2 protein chains.
Amino acid sequence: MTVEIPETMERIVLAARPVGSPKASDFRLETVPMPVPGEGEFLARTIWLSLDPYMRGRMDESKSYAAAVEIGAPMEGGCVGEVIASNNPKFKVGDFVDDRFGWQSHAVSNGQGVRKLDPSAAPLSTAVGVLGMPGITAYVGLNTHGRPKTGETLVVGAATGAVGSLVGQLAKAQGLRVVGVAGGADKCAYAVEELGFDICLDHRAAENPKALRKQMASACPDGVDIYFENVAGKTLEAVFPLINVHGRIPVCGMIAWYNAGALGADAGEGPNIMPKFWRTILVNRLSVTGFIITDHYDQFPTFVQEVGGLIRDGKITYKESISEGLASAPEAFMKLLEGGNFGKQLVAVSADPTR
Amino acid sequence: MTVEIPETMERIVLAARPVGSPKASDFRLETVPMPVPGEGEFLARTIWLSLDPYMRGRMDESKSYAAAVEIGAPMEGGCVGEVIASNNPKFKVGDFVDDRFGWQSHAVSNGQGVRKLDPSAAPLSTAVGVLGMPGITAYVGLNTHGRPKTGETLVVGAATGAVGSLVGQLAKAQGLRVVGVAGGADKCAYAVEELGFDICLDHRAAENPKALRKQMASACPDGVDIYFENVAGKTLEAVFPLINVHGRIPVCGMIAWYNAGALGADAGEGPNIMPKFWRTILVNRLSVTGFIITDHYDQFPTFVQEVGGLIRDGKITYKESISEGLASAPEAFMKLLEGGNFGKQLVAVSADPTR
């Protein structure tokens, strides 16, 4: 099998570190010579690029669990690709793979940490969505850190996003009351009608944080046992007073604070809510657990088997928001940070992706 | 055995809810008729009254894990007492008991939840100190929630207090590096010389929070794996930036914030440190666990056996700060909240206590 390989490839590099919200000039589309795979390496074309909120953190220089993207280097990201040339006996031309190729049309890999995908088992795009990193984040966060019990109440923000939508559906399957928070009436309707959430609050429709708190209190008459934290901001403030004794808060993200400067050097606007929160942690004996999903990849096989089965049985559904072409990635990413996506955000990098 | 029983008893009631730091007029000493034990009840005289920081929380009306003390009702508190009259076959005159008699010279009890004490096993006062509620708080917080491992670094505030001193000694016995924080050179010297801490920082000597942060960074060259939280305030702010990946923060108290209004309606002074803290919880995958020790009293027998043995073997030491007479309790308590005690704060309620 031979594939014609173009002489150049495209990539999007970090042009500047954003101050607050990223803007178009923080990214740069470049055309560079096609790399040639060396010994033991293969070359892949990117089919799907996954866009995820954590990428915002990689654009900053502050200390984090992963190194920042260097200025001038390609943005990082998980991808589904197809092998188009190979000097690695384990990967042959035509194989589909899941790897962190970044925001690039093509990439060379030595195969380390690359997962081969079976396109007949599930649509390829799910490997970076409901059956990939966001999916296992939902799965581990809920089960390992959330420790759900039938009859309990769970709240999750970004309810129709890649993580939140699976958290809620998995919790419903375990007999919990599930309250979502999302931005927009269409998303809230989808969360209830398609995902089966008990209720979904529209944070954009709430006049102010107090209004959201009141709605949250009505939505959670028995309080909140698990708050799956992926958004922070006003959702966190609305939920916190309702958390029950022995409540659990798995923390995997805080998208509302990524752009706001709240986490940077200029943090400190607004009242200091820390003492009240700290007191609630004590008084209500809460478990607040930060987790980074790569620490838990030993659970990947169990996760794929379990959630893959639920998808095949029609018990779990998912939604994708697709942006066309690598050049569209920055705008799609900026929209994602503002909640402008509806479902898992993907970039269709190849013109005619095999799904 | 007959004991002459006086006709009246003394008690200290909550006269007013304090605003910020309690003052003398928030308490009232009363002389009331001696209660008479009914069927199945006994009457005890209080020998030792324990003063503990949590009592500040009971003086406020805000929702907590335990009901507030009513205005006009006796202040709550753990005590060591001696039975002086009994209609309960399980408790005979002369028995020593540990119970929550409150700030009172005498009390009637039906025996429920009362622990009998063997005065030959350990000094009676230890039943409300190193072998009582503060002791098991240290033991459970460290072992169950802190999950210490040899070679790790632990930081604890109020280092010479009833809880902190045991946390540090138990951690040293398990091979950890132990850094204490205390207020005053005498306390810091005691923590290092008598308790065996590796170092103890004097927060009163630090010019400002930044100076304490710098000292903390020098004291913890390998970062901090366990921050045992019983003080909050500037100690928390000094430790937080140093917490290592997978660090644990058992939270049992926050004495620095009890009086400051930081937890009340007027919270919100100073910069909002919450987003930065929340981000650290995520990025460093921290476990923050609030706990209330009464949830863990199933560990009492194991705790008493283990720590009692360490005391008898001279491997654990403890210090007591004794205030004479029930009438001295309010002042001793106000001092305790300001860190004016040195060691476990007790009130010797009976004139000639059997220790």
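What you see is a predicted model, and the numbers here were worked out from it, not measured in a lab.

Draft legend 1. Spotlight on the interface of chain A and chain B. Contacts between the two partners involve 35 residues from chain A, matched on the other side by 36 residues from chain B. Sorting the residues of the side of chain A that touches chain B by element identifies α8 (274-283) and β13 (287-290) of chain A as the ones contributing at least two each. Element by element, the count of residues in the side of chain A that touches chain B is highest for α8(A), at 9 residues. Here the residues of the side of chain A that touches chain B are counted per class, giving 22 nonpolar, 8 polar and 5 charged. Pairing geometry for β13(A) and strand β13 (residues 287-290) of chain B, over 3 bridges, is antiparallel. When the sheet's bridge partners are listed, Thr289(A) is paired in β13(B) with Ser287(B).

Draft legend 2. Seen up close, the pairing of strand β12 (residues 243-251) of chain B. All names here are of chain B. As paired strands, strand β11 (residues 224-228) and β12 are joined by 2 bridges and run parallel to one another. Across the sheet, the residue bridging to valine 224 is isoleucine 243, located in β12. In this region the chain leaves β11, passes through helix α6 (residues 233-239) and returns to the parallel neighbour β12; the handedness of that crossover is right-handed. Pairing of β12 with β13 involves 4 bridges; the strand directions are parallel. Residue pairing in the sheet places proline 250 in a bridge with threonine 289 of β13.

Draft legend 3. Up close: the environment of Tyr227(B). Within the fold, Tyr227(B) resides in strand β11. Those residues in contact with Tyr227(B), other than ones at most four positions away along the chain, are Val155(B), Val239(B), Ile243(B), Gly247(B) and Ile249(B).

Draft legend 4. Examining unusual backbone geometry more closely. All names here are of chain B. The backbone of alanine 158 sits at a positive phi, close to 45 degrees, despite the residue not being glycine. Counting through the fold element by element, alanine 158 comes out in the loop between β8 (153-156) and α3 (162-173). Phi at histidine 246 takes a positive value of approximately 65 degrees, unusual for a residue other than glycine. If you trace the backbone, histidine 246 turns up in strand β12. Classification of histidine 246 by C-beta neighbours within 10 Å gives partly exposed; the count is 14.

Draft legend 5. Seen up close, the relation of the copies chain A and chain B. Once chain A has been moved 0.0 Å along the axis and rotated by 180 degrees, it coincides with chain B to within an RMSD of 0.0 Å. Those values place the two copies in the arrangement expected of a two-fold rotation axis. Residue Asn272(A), judged by its C-alpha, is the member of chain A lying nearest the rotation axis, at 1.8 Å. Of the interface residues in chain A, 100% have counterparts in chain B that sit at the interface too, so the contact is made through matching surfaces.

Draft legend 6. Examining the sheet that holds strand β12 (residues 243-251) of chain A more closely. The 12 strands lie next to each other as β10(A)-β9(A)-β8(A)-β11(A)-β12(A)-β13(A)-β13(B)-β12(B)-β11(B)-β8(B)-β9(B)-β10(B), forming an open sheet whose pairing is mixed. Each having just a single partner strand, β10 (199-202) of chain A together with β10 (199-202) of chain B make up the two edges of the open sheet. Across the sheet, the mean angle separating the axes of adjacent strands is 15 degrees when strand polarity is ignored. For strand β8 (residues 153-156) of chain A and strand β11 (residues 224-228) of chain A, the ladder comprises 3 bridges, and the chain directions are parallel. Along β11(A), the bridge assignment pairs Leu154(A) with Ile226(A). Relative to β10(B), helix α4 (residues 185-193) of chain B is tilted by about 170 degrees, and along the sheet it contacts β9 (177-182) and β10 of chain B.

Draft legend 7. Focus on the packing of helix α2 (residues 133-146) of chain A against helix α3 (residues 162-173) of chain A. All names here are of chain A. Contact pair α2 / α3: the axes reach a minimum separation of 8 Å and the direction vectors enclose 45 degrees. Judged by the angle between their axes, α2 and α3 are oblique. Crossing of α2 against α3: the hand is right-handed. Taking contact as the criterion, the partners of Pro134, Gly135, Thr137, Ala138, Tyr139, Gly141 and Leu142 in α2 are, on α3, Ala162, Val163, Leu166, Val167, Leu170 and Ala171.

Draft legend 8. View of the pairing of strand β4 (residues 79-86) of chain B. Residues and elements named next belong to chain B. The buried fraction of β4 amounts to 7 of the 8 residues, a majority that puts the element mostly inside the structure. In terms of strand pairing, strand β3 (residues 42-50) meets β4 through 7 bridges, oriented antiparallel. Bridge pairing in β4 places leucine 49 opposite cysteine 79. Strand direction decides the pairing type here: β4 and strand β5 (residues 96-99), joined by 4 bridges, are antiparallel. By the bridge assignment, glycine 81 is partnered in β5 with valine 97.

Draft legend 9. Representation of the confidence of the model for chain A. Per-residue pLDDT for chain A averages 93, and the proportion of residues at 70 or more is 95%. Across the interface, the model reports ipTM at 0.88; the global pTM reads 0.90.

Draft legend 10. Inspection of helix α9 (residues 300-312) of chain A at higher detail. Residues and elements named next belong to chain A. With 13 residues, α9 should cover 18 Å at 1.5 Å per step; its first-to-last C-alpha distance of 17 Å lies within 8% of that length. Listed as buried for α9 are Phe303, Val304 and Val307. Looking straight down α9, one finds its buried side chains confined to an arc of 95 degrees; they lie on one side. Seen from the open side of α9, the exposed residues pointing more than 90 degrees away from its buried face are Pro301, Gln305, Gly309 and Arg312. Once α9 ends, the next one or two residues include glycine 314, with phi positive near 75 degrees.

Draft legend 11. Focus on the environment of Gln104(B). All names here are of chain B. As for its position among the elements, glutamine 104 is in the loop between β5 and β6 (106-109). Distance from glutamine 104 to glutamate 10, taken between C-alpha atoms, is 5.8 Å for residues 94 residues apart in sequence. Setting aside its immediate chain neighbours within four residues, glutamine 104 contacts Met9, Arg11, Thr46 and Pro74.

About the criteria used
Residues numbered from 1 in each chain as written. Chains lettered and ligands numbered in written order. Predicted model: local features only at pLDDT ≥ 70, side-chain atom pairs only at ≥ 80, totals over all residues. Contact = placed C-beta atoms within 7 Å. Helix = DSSP H or I, 4+ residues; strand = E, 2+ residues; numbered from the N terminus. Nonpolar A, V, L, I, M, F, W, Y, C, P; charged D, E, K, R; others polar. Pairing = 2+ DSSP bridges. Right-handed = clockwise from strand over helix to strand, strands pointing away. Buried ≥ 20, exposed ≤ 12 C-beta atoms within 10 Å, placed from the backbone. Least-squares fit on C-alpha atoms with pLDDT ≥ 70 in both. Axes fitted to C-alpha atoms, helices over the stretch in contact; angles between N-to-C directions. Parallel < 35°, antiparallel > 145°, perpendicular 65-115°, else oblique. Left-handed = near helix turned anticlockwise from the far one by under 90°. pLDDT = per-residue confidence, 0-100. Expected span 1.5 Å × (residues − 1). Arc of directions from axis to C-beta.

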